[in-house]
Amino acid sequence: MRLFDMLFDYLTLFILALLSATLLPGGSEVYLLTLSQKPEYALSILWLIATLGNTLGSAINYILGRYLLHWKNKKWFPVTQKQLDKSQHWFNRYGYWSMLLAWAPLIGDALTLIAGMMRMHFGLFILLVLIGKGVRYAIILGLLQLI
């Protein structure tokens, strides 16, 4: 296989993983599994690219959540200050560890957006999201090897 084709596949995997972690619909698992069946692709490189892309997508959600609060005093903003305060208290108590579940369908995107709104420390956010998503992709690739 030509180098250009491999680079294109790696870039496509990265973009699919990134987009699937944002609020946009999408998934990277099928493409990851397809590439993992080709002997010229190292599983460790596929894992790394998918994990980094998906983590970056979650970071985009975090940033969106962080700046969403700029409109909290607008009449159309769907959450009251009292609700924000209550959410902040809950998140500070329990929410950090929920970032390990940022990979989960449906709730993962919302969790990363909320982390930004609640102003979670970005370094801790990235670390926990990276661990959770890395473990998820490792399990997906590992299960495939067992089959």
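Residues numbered from 1 in each chain as written. Predicted model: local features only at pLDDT ≥ 70, side-chain atom pairs only at ≥ 80, totals over all residues. Heavy atoms only, no water.

*Asks:* Run through helix α4 (residues 81–95), naming residues and quoting values.
*Replies:* The complete set of buried residues in α4 reads Leu84, Phe91 and Gly95. Take α4 and look down its axis: the buried residues cluster within an arc of 45°, on one side only. More than 90 degrees from the buried face of α4, the exposed residues found are Lys82, Lys86, His89 and Arg93. Looking at the buried residues of α4, the elements they touch are α5 (107–117). (Buried < 20%, exposed > 50% of the residue type's maximum accessible area, 1.4 Å probe, protein only. Helix = DSSP H or I, 4+ residues; strand = E, 2+ residues; numbered from the N terminus. Arc of directions from axis to C-beta. Contact = heavy atoms within 4.5 Å.)

*Asks:* I'd like a rundown of unusual backbone geometry, residues and numbers included.
*Replies:* For Arg119, which is not a glycine, the phi torsion comes out positive at approximately 55°. Structurally, the position occupied by Arg119 is in the loop between α5 and α6 (122–146). With a relative accessible area of 42%, Arg119 lands in the partly exposed category.

*Asks:* Could you give an account of the side chain of Thr112, naming the residues involved and the relevant values?
*Replies:* Residue position: Thr112 is located in helix α5. Taking relative accessible area as the criterion, Thr112 reaches 0% and is therefore assigned buried.

*Asks:* If you had to explain the packing of helix α1 (residues 3–21) against helix α3 (residues 43–68) to someone new, which residues and values would you point to?
*Replies:* Direction vectors running N to C along α1 and α3 enclose 35°, while the axes themselves pass 7 Å from each other. Relative to α3, α1 is oriented so that their crossing is right-handed. Residues Tyr10, Leu13, Phe14, Ala17, Leu18, Ser20 and Ala21 of α1 lie in contact with α3, whose contacting residues are Ile45, Leu46, Ile49, Ala50, Leu52, Gly53, Asn54, Leu56, Gly57, Ser58, Ile60 and Asn61. Class assignment for the residues of the contact of α1 with α3 results in 13 nonpolar, six polar and no charged. (Axes fitted to C-alpha atoms, helices over the stretch in contact; angles between N-to-C directions. Left-handed = near helix turned anticlockwise from the far one by under 90°. Nonpolar A, V, L, I, M, F, W, Y, C, P; charged D, E, K, R; others polar.)

*Asks:* Provide a residue-level description of the packing of aromatic side chains, including the pertinent values.
*Replies:* For the coordinates displayed, the defined rule picks out five aromatic pairs. Between Tyr62 and Phe122 the ring centres are 5.0 Å apart and the planes differ by 55°, which places this aromatic pair in the tilted class. You can see Tyr62 sitting in helix α3 and its partner Phe122 sitting in helix α6, a full 60 residues away along the chain. Phe122 sits in the partly exposed class, given a relative accessible area of 36%. Three or more aromatic residues joined by ring pairs make a cluster, and in this case those are Tyr62, Phe122 and Phe125. (Phe/Tyr/Trp six-rings, centres within 6.5 Å; stacked < 30°, edge-to-face > 60°.)

*Asks:* Account for the confidence of the model for the protein chain, naming residues and giving values.
*Replies:* Of all residues in the protein chain, 99% attain a pLDDT of 70 or more, and the chain-wide mean is 89. No element of the protein chain has a lower mean pLDDT than α4, which averages 78, and none a higher one than α3, which averages 95. (pLDDT = per-residue confidence, 0-100.)

*Asks:* Break down the nonpolar core for me, with residues and values.
*Replies:* Among the nonpolar cores identified, the biggest contains 15 residues, and Leu84, Phe91, Met99, Ala115, Met117, Met120 and Phe125 are the most heavily contacted of them. Of all the elements in the fold, those that place two or more residues in this core are α4, α5 and α6. With residues near it in sequence (within four places) discarded, Phe91 still touches Tyr96, Ser98, Met99, Ile114, Ala115, Met118 and Met120. Leu35, Tyr41, Leu46 and Ile140 belong to the second-largest nonpolar core, a separate cluster that totals 13 residues. (Core = buried A, V, L, I, M, F, W, Y, C linked by side-chain atoms within 4.5 Å.)

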